[in-house]
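Here is how the chains run, residue by residue.
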Amino acid sequence: MKHGFGLLGIYVQDIEKAKAFYTDFLGMQVVPENSSSTFVYLNPVKGTPIALQAASTLPEGFPARAGAYELNLEVDDLEAARKAWEAQNVEMLTDIQDMGIGRWFRAKGPEDQLISVYQMYS
């Protein structure tokens with residue numbers, strides 16, 4: 001199963017301050033339809049999107065600190081990806097969940113990295 005690098009999630013304490021830095025200073029564009037009060041989806045001029053996420057939304061067991069990150073991997077078949085991850089005995093943190101614009105699950109990487117795997121709706 002192939003996984004695409006979808007976006008990098010950066011956890012922040014002050015989402016409005018971080019959003020101003022990435023938009024006003026770095027020139028990234030907010031994608032409103034993919035954003036909320038705790039999640040700001042940003043498109044750079046070139047390259048991989050970034051998501052600013054409120055540190056308070058980190059899952060249980062991960063300290064709510066600014067600077068933490070989450071690797072987000074995109075797949076074409078979320079159910080098959082989930083089964084493949086489970087077959088490799090990867091520690092699952094969530095079931096498959098709906099996020100409004102797609103579905104996702106969270107897992108731990110080999111050294112406790114936070115990883116989300118998602119599939120966007122067509």
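See the structure above.
Residues numbered from 1 in each chain as written. Predicted model: local features only at pLDDT ≥ 70, side-chain atom pairs only at ≥ 80, totals over all residues. Heavy atoms only, no water.

### Quick look at the sheet that holds strand 5 (residues 69–74)
Logical step 1: Strand order in the open sheet made by the eight strands is 2-3-4-1-5-8-7-6, with mixed pairing throughout. Either end of the sheet is taken by a strand with one partner, and the two such strands are strand 2 (29–30) and strand 6 (97–98).
Logical step 2: Of the strands in this sheet, strand 1 (4–12), strand 2, strand 3 (39–43) and strand 4 (50–54) are in contact with helix 1 (residues 15–25), which crosses strand 4 at around 165°.
Logical step 3: Sheet contacts for helix 2 (residues 78–87): strand 5, strand 7 (102–108) and strand 8 (114–120); angle to strand 7, the most-contacted strand, approximately 10°. (Pairing = 2+ DSSP bridges. Helix = DSSP H or I, 4+ residues; strand = E, 2+ residues; numbered from the N terminus. Contact = heavy atoms within 4.5 Å. Axes fitted to C-alpha atoms, helices over the stretch in contact; angles between N-to-C directions.)

### As for the packing of aromatic side chains
Logical step 1: Applying the stated criterion to the full structure yields three aromatic pairs.
Logical step 2: Look at F21 and Y22: their rings are 5.2 Å apart centre to centre, the planes differ by 85°, and that puts the pair in the edge-to-face class.
Logical step 3: A residue is classified by how much of its surface remains accessible, and Y22, at 16% relative accessible area, is buried.
Logical step 4: Three or more aromatic residues link up through ring pairs in this structure, and these residues are F21, Y22 and F25. (Phe/Tyr/Trp six-rings, centres within 6.5 Å; stacked < 30°, edge-to-face > 60°. Buried < 20%, exposed > 50% of the residue type's maximum accessible area, 1.4 Å probe, protein only.)

### Some points on unusual backbone geometry
Logical step 1: Non-glycine residue N89 carries a positive phi angle of around 60°.
Logical step 2: Relative to the helices and strands, N89 is located in the loop between helix 2 and strand 6.
Logical step 3: Taking relative accessible area as the criterion, N89 reaches 69% and is therefore assigned exposed.

### Points about the side chain of N72
Logical step 1: On the secondary structure map, N72 appears in strand 5.
Logical step 2: Overall, N72 belongs to the buried group, its relative accessible area being 9%.
Logical step 3: Look past the residues within four positions of N72 in its chain and what remains in contact with it is G4, F5, G6, L7, L8, G9, S116 and Y118.

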